[in-house]
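Chain by chain, the residues:
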Amino acid sequence: MPPAYDATLALFDYVFPVDVLVLALKYRHQLSVATFLAAELSVLGERPAADADFILPMPLHPRRLAERGFNQAVELARPLARGQALPMELACVRKLRDTPPQALLGRDERLLSPAGAFCCDRVLDGLHVLVIDDVMTTGATLDELARCLKAQGAARVTNLVVARTPAPA
């Protein structure tokens, strides 16, 4: 079955040194890394942002947000939203289930884990949503979020990610 999202643009492959940068942001609270990565994303995101209606950072479950103290996707999305003069939506989608980190799961588990994880409280009829995230592994979480958005009427969902895990050799 094809994914629910319409396109994905990735800035880098998730390999050294990008993996080290992402982990520094995510787990060592090196927020300056977000500034650098967001600047790089803004160049890649100019075209899809041009016709997007709003930017949606990948939501975190409230428990994960409380543990981490910040949402890395928000830190990446904020400068892009400001630079493109696009609204950034933080409240229309909630993550209902605290799914395990994708890095801890095997491929089959990664594909099943995000099912039913999101809830959208806004009617999105005809809108183009630009989703921002740090890393795309299997695409299952982005797919599930896109399904949720399209169930609320989104016409187009484009993902903009810092890095994508390369396909297995």
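Residues numbered from 1 in each chain as written. Predicted model: local features only at pLDDT ≥ 70, side-chain atom pairs only at ≥ 80, totals over all residues. Heavy atoms only, no water.

Undergrad: Got a minute to help me understand the packing of helix H2 (residues 31-50) against helix H4 (residues 72-84) in this structure?
TA: One can describe the packing of H2 onto H4 by two numbers: an axis separation of 8 Å at closest approach and a directional angle of 45 degrees. As summarised for this structure, H2 and H4 are arranged oblique, according to the angle between their axes. In this structure, H2 meets H4 at a crossing whose hand is right-handed. Every residue of H4 that contacts H2 at Leu31, Ala34, Leu37, Ala38, Leu41, Ser42, Glu46 and Ala49 is listed here: Glu75, Leu76, Pro79, Leu80 and Gln84. (Axes fitted to C-alpha atoms, helices over the stretch in contact; angles between N-to-C directions. Helix = DSSP H or I, 4+ residues; strand = E, 2+ residues; numbered from the N terminus. Parallel < 35°, antiparallel > 145°, perpendicular 65-115°, else oblique. Left-handed = near helix turned anticlockwise from the far one by under 90°. Contact = heavy atoms within 4.5 Å.)

Undergrad: Sorry, what's going on with the side chain of Asp134 here?
TA: Looking at the secondary structure, you find Asp134 in strand E5 (residues 128-136). In this structure the side chain of Asp134 is engaged in a polar contact, spanning 3.0 Å, whose partner is the side chain of Lys26. Contact partners of Asp134, with chain neighbours within four places excluded, come to Val22, Lys26, Gln72, Leu76, Val161, Val162 and Ala163. (Polar contact = N/O pair within 3.5 Å; in protein donor to acceptor, adjacent residues only side chain to side chain.)

Undergrad: I keep staring at H2 and nothing clicks. Help me out?
TA: Three or four residues apart is the spacing at which side chains of an α-helix point the same way, because the helix has 3.6 residues per turn. Taking 1.5 Å as the rise per residue, H2 with 20 residues should run 28 Å; its terminal C-alpha atoms sit 26 Å apart, in good agreement. Burial in H2 covers these residues: Val33, Ala34, Leu37, Ala38, Leu41, Gly45, Pro48 and Ala49. Against the buried residues of H2 lie strand E1 (7-13), helix H1 (18-28), H4, E5 and strand E6 (156-164). (Expected span 1.5 Å × (residues − 1). Buried < 20%, exposed > 50% of the residue type's maximum accessible area, 1.4 Å probe, protein only.)

Undergrad: Is there a simple way to explain unusual backbone geometry in this structure?
TA: With the exception of glycine, the majority of residues adopt a negative phi angle, and the majority of peptide bonds are in the trans configuration. With an omega of 5 degrees, the peptide bond running from Phe16 to Pro17 counts as cis. Summarising the element assignment, Pro17 is placed in the loop between E1 and H1. At Ala85, a residue that is not glycine, the phi angle is positive and equals roughly 55 degrees. In this fold, Ala85 is placed in the loop between H4 and strand E3 (93-95). Residue Ala85 is classed as exposed on the basis of its relative accessible area, which comes to 68%.

Undergrad: How do you make sense of H1 when you look at a structure like this?
TA: Buried within H1 we find Val18, Val22, Ala24, Leu25 and Lys26. The secondary structure elements touched by the buried residues of H1 are E1, H2, helix H3 (62-68), H4, E5 and E6. Phi turns positive one or two residues past the end of H1, at His29, with a value near 55 degrees.

Undergrad: I tried to follow the packing of H1 against H2 on my own but got confused; where do I start?
TA: When two helices pack together, their arrangement is given by the angle between the helix axes and the distance between those axes. Running from N to C, H1 and H2 point in directions that differ by 130 degrees, and their axes come no closer than 7 Å. For the element pair H1 / H2, the angle class is oblique. Where H1 crosses over H2, the two elements pack in a sense that is left-handed. Contacts between H1 and H2 involve Leu21, Val22, Ala24 and Leu25 on the former and, on the latter, Leu31, Val33, Ala34, Phe36 and Leu37. Each residue belonging to the contact of H1 with H2 can be placed in one class, and the counts come to nine nonpolar, no polar and no charged. (Nonpolar A, V, L, I, M, F, W, Y, C, P; charged D, E, K, R; others polar.)

Undergrad: Can you help me understand the pattern of salt bridges in this one?
TA: Taken as a whole, this structure holds nine salt bridges when the rule is applied. In this structure, the salt-bridge partner of Asp134 is Lys26, at a minimum N-O distance of 3.0 Å. Of the two residues, Asp134 is situated in strand E5 and Lys26 in helix H1; the sequence distance between them amounts to 108 residues. The salt bridge involving Asp98 is made with Arg63; its shortest N-O contact spans 2.3 Å. Of this pair, Asp98 sits in the loop between E3 and helix H5 (107-112) while Arg63 is found in helix H3, placing the two residues 35 residues apart along the sequence. The exposure class assigned to Asp98 is partly exposed, which follows from its relative accessible area of 25%. (Salt bridge = Lys/Arg side-chain N within 4 Å of Asp/Glu carboxyl O.)

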